[in-house]
Amino acid sequence: MKNTALFLCILAIFLGSANKVFSQQREDSPSVKFTLQNSTLKSIPLIIPSVMNPNLSPFSKSGVEVKIGQEILFRENGKNYTLLIVDEKIKPDQVIDVAALLKDRRQELGLKK
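Residues numbered from 1 in each chain as written. Predicted model: local features only at pLDDT ≥ 70, side-chain atom pairs only at ≥ 80, totals over all residues. Heavy atoms only, no water.

(A) Layout of the packing of aromatic side chains. On inspection of all chains with the given rule, the structure shows one aromatic pair. Aromatic side chains F74 and Y81 sit 5.6 Å apart centroid to centroid with 25° between the ring planes, which places their arrangement in the stacked category. One exposure class covers both F74 and Y81, and it is buried. (Phe/Tyr/Trp six-rings, centres within 6.5 Å; stacked < 30°, edge-to-face > 60°. Buried < 20%, exposed > 50% of the residue type's maximum accessible area, 1.4 Å probe, protein only.)

The structure is reproduced here in structure tokens:
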């Protein structure tokens, strides 16, 4: 029992330290400003963990600034899926057509809609 408690304490300390390092790396990551565009007649809800949950209205554009490495998710049938991961390929002030990206991503994942 003592060995188990000791192991759990060491594990908690290690995980806490690893989480701090990971959080620090994300805070130090460069960010990029770009625009999410909805070119359809339907709203597109998105999830940007730890940032915001934008709901793109029909035929709208929304400017965002997020860190490199940040995931942007969408929800389908009660499950979250990665729409894109922000990387260096996204240029400042670039406009990303979320509807087209979502259509391609759903097809890749074999989701119907």
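(B) Broad picture of the sheet that holds strand β1 (residues 31–38). Pairing within the open sheet is mixed, and its three strands lie in the order β4-β1-β7. On the outer flanks of this sheet lie β4 (60–67) and β7 (95–97), each paired with one strand and no other. Put simply, the sheet's adjacent strands are angled 35° from each other on average, direction ignored. Sheet topology places β1 next to β4; eight bridges connect them, and they run antiparallel. Following the sheet pairing, S31 is matched in β4 by K67. Sheet contacts for helix α2 (residues 98–109): β1 and β7; angle to β7, the most-contacted strand, approximately 45°. (Pairing = 2+ DSSP bridges. Helix = DSSP H or I, 4+ residues; strand = E, 2+ residues; numbered from the N terminus. Axes fitted to C-alpha atoms, helices over the stretch in contact; angles between N-to-C directions. Contact = heavy atoms within 4.5 Å.)

(C) Broad picture of the side chain of T35. Turning to its location among the elements, T35 is positioned in strand β1. The residues touching T35, leaving out its near neighbours within four places in the chain, are K61, S62, G63, Q94, V95 and I96.

(D) Region of the structure containing the environment of E108. Within the fold, E108 resides in helix α2. Among the polar contacts made by the side chain of E108, one reaches the side chain of R105 at a distance of 2.9 Å. (Polar contact = N/O pair within 3.5 Å; in protein donor to acceptor, adjacent residues only side chain to side chain.)

(E) Broad picture of the environment of K67. On the secondary structure map, K67 appears in strand β4. C-alpha of K67 to C-alpha of D28: the two residues are 39 residues apart in sequence and 8.8 Å apart in space. Reaching out from K67, the side chain makes a polar contact with the backbone oxygen of S29 at a distance of 3.5 Å.

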